[in-house]
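Breakdown of the fold
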Amino acid sequence: MANLMNENIHVSVIDDPVNTPEDPWEVEAYQRENLPSDPAQIFKFATYDIGHIAAEMEGRGLIDELNRMLLVQYFSAIEAYLSDRLIRLVLDDPKAMSALVKGNKEWVADKIEVVELASNPNAFRDWVHMRLRELMYHNFVKIDHYYRSALGSTIFPDEATKKALMGFVPVRHDCVHRYGRDHDGRERSLSKPDLERLSEALEGMVTHIEAAFARRGEAG
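None of these values were measured; they are calculated from a predicted model. (Residues numbered from 1 in each chain as written. Predicted model: local features only at pLDDT ≥ 70, side-chain atom pairs only at ≥ 80, totals over all residues. Heavy atoms only, no water.)

Thoughts on the packing of aromatic side chains
Scanning the entire structure with this criterion turns up four aromatic pairs. Relative to Phe-140, the ring of Phe-75 has its centre 6.0 Å away and its plane inclined at 20 degrees; by these criteria the two rings are stacked. Taken together, the residues span a long stretch of sequence, with Phe-75 in helix 3 (residues 63–92) and Phe-140 in helix 7 (residues 140–150) at a distance of 65 residues. Pair check on accessibility: Phe-75 and Phe-140 agree, each one buried. Plain terms: the ring middles of Trp-107 and Tyr-146 are 5.9 Å apart, the flat faces sit at 70 degrees to each other, and that makes the pair edge-to-face. Of this pair, Trp-107 sits in the loop between helix 4 (94–102) and helix 5 (114–119) while Tyr-146 sits in helix 7, placing them 39 residues apart in sequence. (Phe/Tyr/Trp six-rings, centres within 6.5 Å; stacked < 30°, edge-to-face > 60°. Helix = DSSP H or I, 4+ residues; strand = E, 2+ residues; numbered from the N terminus. Buried < 20%, exposed > 50% of the residue type's maximum accessible area, 1.4 Å probe, protein only.)

A look at the pattern of salt bridges
Across all of its chains, the model carries 15 salt bridges by this definition. Here Arg-197 and Asp-194 are joined by a salt bridge, their closest N and O atoms 3.8 Å apart. Of this pair, Arg-197 and Asp-194 both sit in helix 9 (residues 192–219), separated by three residues, roughly a single helical turn. Judged by relative accessible area, which is 42%, Arg-197 ranks as partly exposed. One continuous salt-bridge network, built from bridges that share partners, spans Arg-68, Arg-181 and Glu-187. (Salt bridge = Lys/Arg side-chain N within 4 Å of Asp/Glu carboxyl O.)

Digging into the environment of Glu-79
Here Glu-79 shows up in helix 3. The exposure class of Glu-79 is buried, given its relative accessible area of 19%. In the structure, Glu-79 is positioned 60 residues away from Asn-139 in sequence and 9.2 Å away in space, judged by C-alpha atoms. In contact with Glu-79, not counting residues within four places along its chain, are Tyr-137, His-138 and Arg-172. (Contact = heavy atoms within 4.5 Å.)

Remarks on a nonpolar patch on the surface
A cluster of nonpolar side chains, contributed by Leu-4, Ile-9 and Val-11, occupies part of the molecular surface with about 270 Å² of accessible area. Counting through the fold element by element, Val-11 comes out in the segment before helix 1 (24–33). (Patch = residues over 30% accessible without salt bridge, like charges linked within 9 Å, V, L, I, M, F, W, Y side chains within 5 Å. Areas by Shrake-Rupley, 256 points an atom, 1.4 Å probe, with all protein chains shown as cover.)

Description of unusual backbone geometry
The phi dihedral of Tyr-179 falls on the positive side, at around 50 degrees, and the residue is not glycine. Mapped onto the secondary structure, Tyr-179 falls in the loop between helix 8 (159–177) and helix 9.

A few points about the nonpolar core
Among the nonpolar cores identified, the biggest contains 51 residues, and Leu-71, Ile-78, Leu-82, Leu-132, Phe-140 and Met-205 are the most heavily contacted of them. Sorting the residues of this core by element identifies helix 2 (39–57), helix 3, helix 4, helix 6 (123–133), helix 7, helix 8 and helix 9 as the ones contributing at least two each. Ranked by residues supplied to this core, first place goes to helix 3 with 14 residues. Beyond its immediate stretch of four places on either side in the chain, Ile-78 contacts Phe-43, Phe-140, Leu-202, Met-205 and Val-206. (Core = buried A, V, L, I, M, F, W, Y, C linked by side-chain atoms within 4.5 Å.)

Considering the packing of helix 3 against helix 8
Their axes nearest at 10 Å, the elements helix 3 and helix 8 cross at an angle of 115 degrees. When the axes of helix 3 and helix 8 are compared, the pair comes out roughly perpendicular. Viewed along their axes, helix 3 and helix 8 form a crossing whose handedness is left-handed. Within the contact between the two elements, helix 3 uses Arg-68, Leu-71, Val-72, Phe-75 and Glu-79 and helix 8 uses Phe-168, Val-169, Val-171, Arg-172, Cys-175 and Val-176. Broken down by class, the residue content of the contact of helix 3 with helix 8 amounts to eight nonpolar, no polar and three charged. (Axes fitted to C-alpha atoms, helices over the stretch in contact; angles between N-to-C directions. Parallel < 35°, antiparallel > 145°, perpendicular 65-115°, else oblique. Left-handed = near helix turned anticlockwise from the far one by under 90°. Nonpolar A, V, L, I, M, F, W, Y, C, P; charged D, E, K, R; others polar.)

Below, the structure is given as structure tokens:
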């Protein structure tokens, strides 16, 4: 609804958003049907581009602002990888799905309607998929529990990598939610070595998970 103060303004209605709402099920279906077959390869492409941009912009102005944006992009890449790899594993392997559900205390009280089960043979599978898509994949400690159940492996290759990544989590929060400033209003400063350390830690995580994924495939 709009209240026009000037009666001479001409208004044309192109479409009626009330009668043609966006169908959330179409969006969900697209995400469900277009999982990448190789999440690790997508991660490598994304992080290569981030590193290339960082190198090209080195020595120019606004480097702190750029580095904060690149840090957010690094997290976007790893969140997409962790999500796609876990969902792909669970949807493709009934044993992994069963292990994930049984090992997840947060889902103990959840229920699926009998009518839904009767009308949709994939109701349980779709429910698990939906719950996995709702997760915040930069919450590495929580996601680690999910991977331990489904994959039988931690996402951290070692304690040093875990410590490094956990140190960047609050920085990511401030870059996304506080425009690069901490709780006290101080600007977060990120250097090229900081980004390189983050990149190495994330690559170590992906390499570790992919190795565990490969071992699971060989054992199966």
